[in-house]
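Summary of the model geometry
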Amino acid sequence: MKRNSRFKLFIVLISLTFLCGCWNIKEINHRTTPLYIGVSKENDDEYIVTMYVPVTQSGESESIIATKKGDTLSNIFRQLRTDSDSALDYSHVQLIVIQEKLAENEEEMTKLIRLSMAVEQLPSQALVVITDDDIKKMFSNIDKLLGTHGTYVQEFFYKEEWAPEVSSTHIWELYRSLYSYTEDINVPIITIDKDTGIGFKGTAIFKKGKLTGRVNPKENLLLNLFHHDNAKGEIESLGSSGVIVLNSSLYMTPSMKKNEPLVSCDLKIKIDVIERNDGVTDKQIQGEFKELIEKQFYKIFTQTQENKADVFGFGQYFRNQLSYQELKKWRDEYYPKLKVNFQVHVSMK
Amino acid sequence: MTQRVQMALLVCVASGGFVYLLYPRLVTSSTDSGHWVMVLFQGLLQIFFMLIYKKGLDYFPDKDLIDIFRQMGKWVAFIILVPYAFILTSMVGFGLRAHSEEIIAILRMSRTPYWAVLAFLVFISAFTAIKGLGTMLRASVIVFIITNLLIMFNTLTVTANFDFYNAFPVWPSSLQFLWDTNFNFLTGFSPLLFLGFVPSENNMKYSHLFWVWTYVTFIILLSVYIPLFIFGQETVVKLHYLVEEAVDTVDMRWFIFSRQTIFFGMSLIAFTIFLNALLLWKAGQLMQKTFNWKKNKRSYSIIAFSSLAFLMGLYVPNQYMIEKSVELSTGIHALLIVIIPLIIFIYGVINRRRMAVYEKK
């Protein structure tokens, strides 16, 4: 009996050897973990990939900015893996910067989005942005100003009530927009800012991987409103006064009559006046503000309708009123006919 | 009483192993809208066979499935139950292979060979199966609680990315999917036949069955609708591991574990081990009772079956074949889910009538 229990104990202890970890594991200090990746295209058939890798050595953090050129992306990634000082691990990538020239090419962009979703290691919640500037310069600028501050990008893109016009786009959202019948997407555009690292320059509208237009940060706020964000904290300067938005809410009622979609949107905004010229009444400010927002909306709306890019996601509201087969034709048949009755109701504090 | 509750929990846990692997993919590939109708029809089918089976088993209060078949005749038992044991083995083999590929994908262990994960899963399942039903029943309680907490956590965090409009249109465009072969495969994804392995007097009552059914249907709805709410039908059909991709979209940098798919992977492993331990135990039980072996021989047959399952899983060449073989084995299992309850029920009715005639005389 005693011998038997000892034998059992031995078997149990042997199974501890399975606990030594995963297969072929590399400890964290033997890995190279890029934080930001930049993809751009020079000439016609030469890709450039730039990686920003923080390195911690004896307590001090430094960084490496590696650049590689090649004719295909997978070639470059292979080259990077070969030349990197230790095992490359993409699982901590936070930001993918795509050069505008590359993003303008529909085919390349689609390929890139599919690739970034297919790479298993790359987290699908990494952010995607577009830039016009030189990516290497941008990374070194961030590095110079902020060092290897791991959460910098996260904080830049999630400022919510502090800067409601900033929006963010994840890889999985871009991937979804490649296939979705009823919703298109906007991707943030950033530039180098000499003092703060990067600057937000509005967003680019993508229709299934094709860049169809651009909006500035102010207009981007409107797009954010349609994606369930709040305009709280936004400061708007009208000609005669300056106001701050205290709260906002958007109500949509979609309806379909004889294949003609109609949406009535009611945007309720509560504002507070922070500065005003002499003799300007509350009513004037309300009127001015209402007019400004409505004008902005119709400007973007007509522009996107011409491009058949449903960046507001109006199609989502019709998903239940059309059949799945009809939804396929949303962008081409229904969306150009869409009428939007956009009304702003301004109230004062 | 407690044993009945434990049994219900065990069936719930085992169902989890079936549900998360292929179920969402099969549902989304066979209908493009109104997925809940398909799930509901599937659930109705399940409850229909479950009731027939339970009713049939109730005619023999102190006997289990194998005893009943043996009562019908030795050859009937041999013809139906021995192939059943082998089908269970093939389900274990192919299912575990598919699961080990998914676990590698979820836990990002791309450098781990699949056979290592497969060996690990087979080993633990076989070990649990050898330990017997009692062990599984007792362990199922704690596993049920832990996995449900993890799944609840996953579900709650994933809601941040939900867009409910993505799951529309609510109604299916046609009921064509009822005649789809996928629909038949889905019937096989159920541990329903387990009911027959415990004599009916100690088994779950109708109320327990109903609760198990509700839980399983709810889990299925979750596994189908979580990816749908996030990606929408158009994108979902392009993805491979739907639930995993959906759970992975959540930004969890504020949390100690930056990727919460780990939790999903953990609960998946628990589900899988229990499911396959149950299947192996069933196969062992079938062999032992059909051939009237001694008790200790059951563990040898379980070891033999698990080695066979390991080899089956090992030699499937690629992902396409894995899916095909899983579909094939569950398809045959689906056939058994239809046949066995009907046979038991009809035999029960005939038996009752014969007894009545006998008593009259």
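Just so you know, these numbers come straight off a predicted model, no measurement behind them. (Residues numbered from 1 in each chain as written. Chains lettered and ligands numbered in written order. Predicted model: local features only at pLDDT ≥ 70, side-chain atom pairs only at ≥ 80, totals over all residues. Heavy atoms only, no water.)

**Regarding the domain arrangement of chain A**
Often, the extent of an interface is quoted as the loss of accessible area upon association of its parts. Residues and elements named next belong to chain A. Split by domain assignment, chain A resolves into domain 1 (24-215) and domain 2 (231-349). Each of domain 1 and domain 2 was reduced to a C-alpha centroid, and the two centroids are 31 Å apart. Contact residues are listed per partner, giving 18 residues for domain 1 and 21 residues for domain 2. The junction of domain 1 with domain 2 conceals about 1600 Å² of combined surface from both sides, 51% of it contributed by carbon and sulfur atoms. Three residues stand out in domain 1 for area buried against domain 2, namely Tyr181, Thr182 and Asp184, and they jointly supply 43% of the buried area on that side. The interface formed by domain 1 and domain 2 holds 1 salt bridge in total. (Domains from an automatic or database assignment. Contact = heavy atoms within 4.5 Å. Buried area = accessible area lost by both parts, 1.4 Å probe. Salt bridge = Lys/Arg side-chain N within 4 Å of Asp/Glu carboxyl O.)

**Considering the pairing of strand β10 (residues 210-215) of chain A**
Remember that side chains alternate between the two faces of the sheet whenever the strand is regular. Residues and elements named next belong to chain A. Where strand β9 (residues 197-207) lies against β10, 5 bridges are found, and the strand directions are antiparallel. Within the sheet, the bridge partner assigned to phenylalanine 206 lies in β10 and is leucine 211. The antiparallel pairing of β9 with β10 creates a hairpin that spans 2 residues between the two strands, and lysine 208 there sits at a positive phi of about 50°. (Pairing = 2+ DSSP bridges. Helix = DSSP H or I, 4+ residues; strand = E, 2+ residues; numbered from the N terminus.)

**Side note on the sheet that holds strand β14 (residues 339-348) of chain A**
All names here are of chain A. The mixed open sheet is built from 4 strands, whose spatial order is β11-β12-β13-β14. Pairing within the sheet leaves two strands with one partner each, and these edge strands are β11 (235-237) and β14. Mean inter-strand twist for the sheet, computed between neighbouring axes without regard to direction, equals 40°. Strand direction decides the pairing type here: strand β12 (residues 241-257) and strand β13 (residues 260-276), joined by 16 bridges, are antiparallel. Within the sheet, the bridge partner assigned to methionine 256 lies in β13 and is proline 261. Here helix α8 (residues 217-226) sits on the sheet in contact with β11, β12, β13 and β14, set at roughly 50° to β12. (Axes fitted to C-alpha atoms, helices over the stretch in contact; angles between N-to-C directions.)

**Here's the deal with the packing of aromatic side chains**
What the rule picks out here adds up to 45 aromatic pairs over all chains. Judged by centre distance (6.3 Å) and plane angle (85°), the rings of phenylalanine 301 of chain A and tyrosine 335 of chain A are edge-to-face. You can see phenylalanine 301 of chain A sitting in helix α9 (residues 282-307) and its partner tyrosine 335 of chain A sitting in the loop between α12 (330-334) and β14, a full 34 residues away along the chain. What makes phenylalanine 301 of chain A buried here is its relative accessible area of 4%. With a centroid separation of 5.3 Å and 50° between ring planes, the pair formed by phenylalanine 144 of chain B and tyrosine 215 of chain B is classed as tilted. Of this pair, phenylalanine 144 of chain B sits in helix α6 (residues 133-158) while tyrosine 215 of chain B sits in helix α8 (residues 206-231); the two residues are 71 residues apart in sequence, bridging distant segments of the chain. Classification of phenylalanine 144 of chain B as buried rests on a relative accessible area of 17%. (Phe/Tyr/Trp six-rings, centres within 6.5 Å; stacked < 30°, edge-to-face > 60°. Buried < 20%, exposed > 50% of the residue type's maximum accessible area, 1.4 Å probe, protein only.)

**Some words on unusual backbone geometry**
Residue and element names in this part refer to chain A. The backbone of lysine 208 shows a phi angle near 50°, a positive value even though the residue is not glycine. On the secondary structure map, lysine 208 appears in the loop between β9 and β10. Unlike most non-glycine residues, lysine 308 shows phi in positive territory, near 55°. When you line up the elements, lysine 308 lands in the loop between α9 and α10 (314-317). Classification of lysine 308 by relative accessible area gives partly exposed; the value is 29%.

**Describing the packing of helix α3 (residues 65-72) of chain B against helix α4 (residues 74-106) of chain B**
All names here are of chain B. The N-to-C vectors of α3 and α4 enclose an angle of 130°; their axes lie 5 Å apart at closest approach. As judged from the angle between their axes, α3 and α4 are oblique. Facing α3, whose interface residues are Ile66, Phe69, Arg70 and Met72, α4 presents Lys74, Val76, Ala77, Ile80 and Leu81. A breakdown of the residues in the contact of α3 with α4 according to their chemical character gives 7 nonpolar, no polar and 2 charged. (Parallel < 35°, antiparallel > 145°, perpendicular 65-115°, else oblique. Nonpolar A, V, L, I, M, F, W, Y, C, P; charged D, E, K, R; others polar.)

**What to know about empty space enclosed by the protein**
Rolled over the atoms, a probe as big as a water molecule pinpoints where empty space is left. Residue and element names in this part refer to chain B. In this structure the tally under the stated criterion is 6 cavities of 30 Å³ or more. A volume near 240 Å³ is recorded for the largest cavity. At the level of secondary structure, the elements contributing two or more residues to the lining of the largest cavity comprise α1 (2-30), α2 (35-58) and α8. When residues of the lining of the largest cavity are assigned to their parent elements, the largest contribution, 6 residues, is made by α8. A per-class count over the lining of the largest cavity returns 13 nonpolar, 6 polar and no charged. (1 Å grid on protein atoms, 1.4 Å probe; cavity = no way out; pocket = protein on both sides within 12 Å on 5 of 7 lines; lining within 4 Å. Points joined across faces, edges and corners; volume = space filled by probe spheres on them.)

**Examining the environment of lysine 144 of chain A**
Residues and elements named next belong to chain A. Summarising the element assignment, lysine 144 is placed in helix α5 (residues 135-146). For lysine 144, a relative accessible area of 68% gives the class exposed. Linking lysine 144 and lysine 194, residues 50 residues apart in sequence, is a C-alpha distance of 9.9 Å.

**Thoughts on α9 of chain A**
A rise of 1.5 Å per residue sets the reference length of α9 of chain A, with its 26 residues, at 38 Å; its end C-alpha atoms lie 38 Å apart and thus fit the reference within 8%. Residues of α9 of chain A that are buried: Ile285, Phe289, Ile293, Glu294, Gln296, Phe297, Ile300, Phe301, Thr304 and Gln305 of chain A. (Expected span 1.5 Å × (residues − 1).)

**Some words on the interface of chain A and chain B**
Taken together, the contact between chain A and chain B spans 33 residues of the former and 33 residues of the latter. Buried surface at the junction of chain A and chain B, both sides included, amounts to about 3000 Å², of which 53% is carbon and sulfur. Across the chain A-chain B interface, the total number found is 1 salt bridge. Among the ionic pairs, glutamate 234 of chain B bridges to arginine 319 of chain A, the shortest N-O distance being 3.2 Å. At the junction of chain A and chain B, the tally comes to 9 residue pairs in polar contact (both at pLDDT 80 or more). Contributing elements (two or more residues each) for the side of chain A that touches chain B: α7 (171-179), α10 and α11 (324-327) of chain A. Considering every element that reaches the side of chain A that touches chain B, the biggest residue donor is α7 of chain A, with 4 residues. (Polar contact = N/O pair within 3.5 Å; in protein donor to acceptor, adjacent residues only side chain to side chain.)

**Some thoughts on the pairing of strand β7 (residues 127-131) of chain A**
Residue and element names in this part refer to chain A. Counting buried positions along β7 yields 5 of 5 residues, so the element is predominantly enclosed. Alternating positions in β7 separate into two faces, Leu127, Val129 and Thr131 on one and Val128 and Ile130 on the other, with burial throughout. Here 5 bridges tie strand β6 (residues 95-99) to β7, and the two strands are oriented parallel to one another. Counterpart to glutamine 99 in the pairing with β7 is threonine 131.

**Looking at the pattern of salt bridges**
Going through the model one piece at a time under the given rule, you end up with 15 salt bridges over all chains. When salt bridges with common partners are traced through the structure, they connect Glu100, Glu104 and Arg214 of chain A into a single cluster.

**Some points on a nonpolar patch on the surface**
Residues and elements named next belong to chain B. Together, Leu335, Val338, Ile339, Leu342, Ile346 and Ile350 give the surface a local cluster of nonpolar side chains, amounting to about 470 Å² of exposed area. Here isoleucine 346 lies in helix α13 (residues 319-360). Overall, the relative accessible area of 48% leaves isoleucine 346 in the partly exposed class. (Patch = residues over 30% accessible without salt bridge, like charges linked within 9 Å, V, L, I, M, F, W, Y side chains within 5 Å. Areas by Shrake-Rupley, 256 points an atom, 1.4 Å probe, with all protein chains shown as cover.)

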